[in-house]
Structure formats: C-alpha cells, structure tokens
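# Descriptive structure summary
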Amino acid sequence: MIKNLTLTYNEYSDWNKVPKENLNLIQKAKEARESAYAKYSEFKVGAAILLDNGIVITGNNQENAAYPSGLCAERTAIFYAIANYPTATIIKMAVVAGKNVENSEVVAPCGACRQVLLEYENRQNKPIEFMFTGMQGRVISFSRCSDLLPFCFDGSLL
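What counts as what
Residues numbered from 1 in each chain as written. Predicted model: local features only at pLDDT ≥ 70, side-chain atom pairs only at ≥ 80, totals over all residues. Heavy atoms only, no water. Pairing = 2+ DSSP bridges. Helix = DSSP H or I, 4+ residues; strand = E, 2+ residues; numbered from the N terminus. Axes fitted to C-alpha atoms, helices over the stretch in contact; angles between N-to-C directions. Buried < 20%, exposed > 50% of the residue type's maximum accessible area, 1.4 Å probe, protein only. 1 Å grid on protein atoms, 1.4 Å probe; cavity = no way out; pocket = protein on both sides within 12 Å on 5 of 7 lines; lining within 4 Å. Points joined across faces, edges and corners; volume = space filled by probe spheres on them.

### A short note on the sheet that holds strand 4 (residues 90-98)
- On the basis of which strands lie adjacent, the open sheet formed by 6 strands has the order 1-6-5-4-2-3 and mixed pairing. In this open sheet, the two edge strands, each paired with only one partner strand, are strand 1 (10-12) and strand 3 (56-60). Between one strand axis and the next, the sheet turns by 15 degrees as a mean value, whatever way the strands run.
- Inspection of the sheet shows strand 2 (residues 44-51) paired to strand 3 by 5 bridges, in the antiparallel sense. Note on strand 3: the bridge partner recorded for Gly 46 is Asn 60.

Printed below as a string of structure tokens:
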C-alpha cells in the first residue's frame, strides 16, 4: 500500500515578509552566528530561542579538531535554555546559517538537532515554532518541530 505524507510550512520569499516578532528572533540568531567557532568548515550557524518568560537564548556552532566533538547551534541554545530555565517553555526558535553574508540558501537542521528539538517539544507537550534561513532571502517556518522529523524515534517503543 502506498501512502502519502504531507508537510505544511510557511515560506517567506525574503526577510521583509516575515512577521516582526519572528524577524527579531531571526536577527538575534544572525547576531549569534557572528561569534560561532567554525575554524574548520567556515560554516557559521546561529540560533535564537524565545522562551515563554520572554527571555531570548542564543547559541552558535562550536567546532573542534576532534570531529565530531563540536556542537550545533541549535543544541547549544536548547541545552543552555533548559539547563538554566528548566520550567520555561520554548515558544519558537530561529536559525541563520551560511559561510558568508551573500549566502541565500536556506539551511535545514541536521538529524541530531531535529531529534533534540522533537524531544523537547514532546517533553513540554507544546509545539515549538521553528524557522530557518540563510544570511538573506527565503525563510522556511514550521509551526511545530515534529513536522521536521516524520517517523521519528520518540522513545515510545521502549
């Protein structure tokens, strides 16, 4: 039997089309990207999380010569947020990535980051809006992280 999977997301043609609250979070992610440690790949990523208490947490990728000992921006920000604000709920997250300021390719999160996002979304039992973009141009926005990882491992089989 063949079945179809349908994903729903918003695509904005450029940053000027993004709602102001989301654009502010994208800007924070872009700022966080600037201090990423990407000595080996030169591919910088910044992330920004809005918590339900109004606090914005940022993170960026941290590379290491002993690959894969580094950490992605998304997980850096999420782990910091949950470690320091364990009762807060993550409302939304924005990620900005690219090697240079001219980059306009949207960059989706890796599988490990998708799994971590899904785990925290399930843990808080509320959706996390997730946006990703390059340094300019299109922005992709999902209303919940579970749409980023269909047929995910959620621990229910344990």
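Structure shown, so let's carry the discussion forward.
### Thoughts on the environment of Val 18
- Secondary-structure assignment places Val 18 in the loop between strand 1 and helix 1 (20-33).
- Accessibility expressed as a relative area gives 6% for Val 18, which makes it buried.
- Between the alpha carbons of Val 18 and Val 139 there is a distance of 7.7 Å; along the sequence they are 121 residues apart.

### Observations concerning the layout of surface pockets
- Volume-wise, the largest pocket comes out at about 470 Å³.
- Lining the largest pocket we find 22 residues, and of these Asn 61, Glu 63, Tyr 67, Leu 71 and Cys 72 sit closest to its centre.
- Listing elements by their share of the lining of the largest pocket, those giving two or more residues are helix 2 (73-84) and strand 4.
- If you tally residues by element for the lining of the largest pocket, the top one is helix 2, at 3 residues.

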